[in-house]
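Below, each chain spelled out in residue letters.
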Amino acid sequence: MRIFIYKSLIAAVVFFVIYQITIGATVNKAKENISYLSSDENKNLIKNKIRKELKSAIKKDNYLNTEDAELIKKFFNKIKIELK
Amino acid sequence: MKISLSKISENKIYNATNTLLFISLFIIGTLTFRDYGIGIDDKFHRLNGFYWLDYILSFTNLNELQSLVRLKLLDIDDNSFPLIKNWIGYGIIFDVPAAVLELIFKLDNPKEYYELRHYFNFIIFFIGCIFFYKLLSLRFERIVTFFGTCLYILSPRIYGESFYNMKDIVFLTFLVISYYYCYKCFLNFSIKNLLLFAFISAVSIETRILGLYIPISFLSFYFLNLLENSHEKKNLYKIFFYLLSTFFFLVLIWPYLWSAPLDNFLAAINALKNSIPNIYVFFNDEYINNNFLPYSYIPLWILISTPSLHIILFFIGAIYVLKRLYLRLINIEKNKFNKHLWRGVKEKIDFFILLNFIILFLLIIFLNIRLFNAWKHLYFANFYIVYMAVIGLNICYIWSKRFKKKELLTSFLIVMCTLLVFKIVKYHPYQGLYFNSLVSSNFKNKFEIDFTALSARHFFDKIFVIENNYDTINIANSSWTPLVRTLDIYEYSKQKKINLVGQDYAIAKYIYSNNISEVDKINNKKYDVPEDFVRFYEYKIEGAIIYTIYKKNL
């Protein structure tokens with residue numbers, strides 16, 4: 001009985017450590033990434049990047065190439081017709 | 001006759017050396033406690049002390065005293081503090097007596113009442129050193145006890161913090177005293193020893209709720225003990241007596257529990273998980289959210305900020321105890337009761353202490369407990385580290401005796417302890433920011449250094465020397481350090497000269513900067529120093545940058 005209890009206790013500790021190093025660490029990493037993505041700092045970072053992109057777009061003479069411009073124009077026209 | 005005479009003189013020398021050690025520590029502490037800056041927590045402890053003193057006085061007829069306490073409370077205003085009512089888990093065992101001392105000595109000058117707290121803090125640490133010595137003297141030979149006590153005193157971070165860390169060092173001290181009485185209980189399971197152990201366990205829990213693991217581990221160990229020795233069953237009622245007494249003392253010394261003992265106690269345990277704020281910490285050159293600290297956080301901090309002598313001896317001691325335990329375990333045979341996990345009470349206490357350390361260490365590392373400010377919240381672990389180091393030292397002593405090299409070991413230890421004393425002197429008064437000699441300057445600067453803002457006093461002194469006219473100086477802060485709390489210790493005319501403008505860099509003449517930040521400095525630019533400021537002064541200790549002053553380039 002005594003040996004059984006000691007072995008069980010040791011096994012429990014070893015299991016806990018192995019679980020934390022393998023599965024626990026992966027779960028923590030995932031949690032950390034989710035927490036980072038939903039953090040205010042990340043939201044501000046994305047907002048700032050969008051602002052930066054918009055500013056650089058305004059500065060350019062032609063932001064879209066002719067082919068893309070034509071494509072978007074056609075797409076908007078189609079939407080416009082469908083919304084009527 | 002000759003032998004007994006030499007024994008007597010040996011005893012005298014030993015006693016004189018120990019007395020000298022403690023007297024030196026006391027004198028050095030008494031002469032230097034004024035050198036330490038004001039930590040960021042000092043003001044909060046004062047507020048906590050007067051808040052609960054007011055609560056205690058509301059049960060008495062001492063109305064005049066209560067009005068005085070309320071005046072003091074009104075005087076402590078700082079919007080950077082959390083509401084005291086929300087900090088229910090905060091103990092009062094240091095803060096209320098400190099507030100009473102402030103009233104007794106009628107101290108109204110901030111510098112004086114903060115220094116009084118620092119001295120009181122040191123006295124508690126000093127008492128802890130005496131109990132550590134008493135614990136070792138029960139377990140080890142005299143020479144090992146002496147050098148073991150030296151190791152405890154000469155832990156630079158702990159020594160430095162003993163002057164201003166009113167929570168973790170106080171807890172460490174009560175933990176040491178708890179283990180002393182625990183050992184006394186192992187030696188003699190008497191009601192008197194259990195009562196003293198229960199009282200000190202309650203004090204530890206009151207200081208930090210984490211102290212709960214003392215009765216829990218004692219109880220668990222009792223059941224483990226039952227497996228080894230079934231005669232222990234007769235002591236079961238004493239265990240209940242110990243647990244009930246602990247709870248009784250806890251309610252008695254913790255005013256928060258007076259109104260609803262059980263409910264409030266559970267609320268205090270629940271509050272534990274939110275007691276440490278969610279911030280970013282600078283660790284290994286990265287700003288990391290303290291909800292997701294890497295497993296290496298605590299081991300690495302301990303390895304770089306504990307003297308190498310302690311670390312080496314710790315590993316020798318811990319490996320020795322584990323090996324002995326392993327050998328005992330494999331020797332246990334069914335129904336042979338002469339085979340035990342430990343032989344005698346000395347092995348029992350070693351095993352108990354190592355077991356507590358391993359379990360706590362694993363839980364803290366793997367359960368993602370929020371931490372910041374290096375391993376400050378785990379300074380109590382220094383007891384386990386030093387105790388294991390003393391076991392390591394004991395092994396070295398036994399070897400040295402066997403190979404007749406006792407003098408060599410003694411000389412080596414004297415040299416090592418002297419080197420540690422030199423380090424402590426070199427770092428003074430910033431021993432709390434110590435890194436061991438194996439760490440390069442570059443590596444030191446990859447970690448947060450002065451979270452407690454001790455250097456803020458040095459910074460203001462520097463500013464007052466540079467700006468010795470009567471103009472107001474605008475100072476911005478490119479860190480999370482609350483400079484305002486240190487400003488309190490200066491006379492009013494000096495305080496008036498300083499205008500802290502936070503992160504309003506445009507109107508600042510100087511910027512105070514360090515690597516303490518609650519946000520990720522890489523993505524959040526609030527602490528970025530503007531380009532029109534130049535590096536003006538940098539305060540370094542052994543290559544570690546404590547703080548930097550930037551000045552506007554006019």
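Coordinates for the structure precede this section.
First, a word on what this report is: a plain description of the structure on this page. (Residues numbered from 1 in each chain as written. Chains lettered and ligands numbered in written order. Predicted model: local features only at pLDDT ≥ 70, side-chain atom pairs only at ≥ 80, totals over all residues. Heavy atoms only, no water.)

Before going further, it helps to spend a moment on the pairing of strand E7 (residues 544-552) of chain B. Residues and elements named next belong to chain B. Across the nine residues that make up E7, a large majority, seven, are buried. In terms of strand pairing, strand E5 (residues 510-513) meets E7 through four bridges, oriented antiparallel. Residue pairing for E7: Ser513 is matched across the bridge by Thr548. In this sheet, E7 lies alongside strand E6 (residues 533-541) in antiparallel orientation, the contact comprising eight bridges. Following the sheet pairing, Ile541 is matched in E7 by Ala544. (Buried < 20%, exposed > 50% of the residue type's maximum accessible area, 1.4 Å probe, protein only. Helix = DSSP H or I, 4+ residues; strand = E, 2+ residues; numbered from the N terminus. Pairing = 2+ DSSP bridges.)

Residue and element names in this part refer to chain B. One can find Asn469 in the loop between helix H19 (455-466) and strand E3 (473-478). Judged by its relative accessible area of 34%, Asn469 is partly exposed. Distance from Asn469 to Pro429, taken between C-alpha atoms, is 28 Å for residues 40 residues apart in sequence. Engagement of the side chain of Asn469 in a polar contact is seen with the backbone nitrogen of Asp471, the distance being 3.3 Å. (Polar contact = N/O pair within 3.5 Å; in protein donor to acceptor, adjacent residues only side chain to side chain.)

This part takes up the side chain of Asp54 of chain B. Here Asp54 of chain B shows up in helix H2 (residues 42-57). When sequence neighbours within four positions are dropped, the list of residues in contact with Asp54 of chain B reads Gln66, Val69, Arg70 and Leu73 of chain B. (Contact = heavy atoms within 4.5 Å.)

With that out of the way, let us pick up helix H3 (residues 66-83) of chain A. Taking 1.5 Å per residue, 18 residues should reach 26 Å; H3 of chain A reaches 26 Å between its end C-alpha atoms and fits that length. Of all 18 residues in H3 of chain A, zero are buried; the element is thus mostly exposed. (Expected span 1.5 Å × (residues − 1).)

Chain A puts 20 residues into the contact, and the matching count from chain B is 24 residues. Taking both sides of the interface into account, the surface hidden between chain A and chain B amounts to around 1,900 Å²; carbon and sulfur atoms contribute 65%. For the pair chain A and chain B, the interface holds zero salt bridges. Listing elements by their share of the side of chain A that touches chain B, those giving two or more residues are helix H1 (2-37) and helix H2 (40-59) of chain A. Here the side of chain A that touches chain B takes 18 residues from H1 of chain A, the largest share from any one element. Class assignment for the residues of the side of chain A that touches chain B results in 12 nonpolar, four polar and four charged. (Buried area = accessible area lost by both parts, 1.4 Å probe. Salt bridge = Lys/Arg side-chain N within 4 Å of Asp/Glu carboxyl O. Nonpolar A, V, L, I, M, F, W, Y, C, P; charged D, E, K, R; others polar.)

The terminal C-alpha atoms of helix H16 (residues 381-402) of chain B lie 32 Å apart, and with 22 residues this matches the ideal 32 Å at 1.5 Å per residue to within 8%. Across the 22 residues that make up H16 of chain B, a large majority, 18, are buried.

Residues and elements named next belong to chain B. One open sheet accounts for five strands, arranged E4-E3-E5-E7-E6; its pairing is mixed. Whereas interior strands pair on both sides, the edge strands pair on one side only; in this sheet they are strand E4 (498-500) and E6. Averaged over all neighbouring strand pairs, the angle between strand axes comes to 25°, with direction disregarded. Relative to E5, E3 runs parallel, the two sharing four bridges. When the bridges of E5 are listed, Asn477 appears paired with Tyr512. Helix-sheet contacts for H19 involve E3, E4, E5, E6 and E7, and the interaxial angle to E7 is about 35°. (Axes fitted to C-alpha atoms, helices over the stretch in contact; angles between N-to-C directions.)

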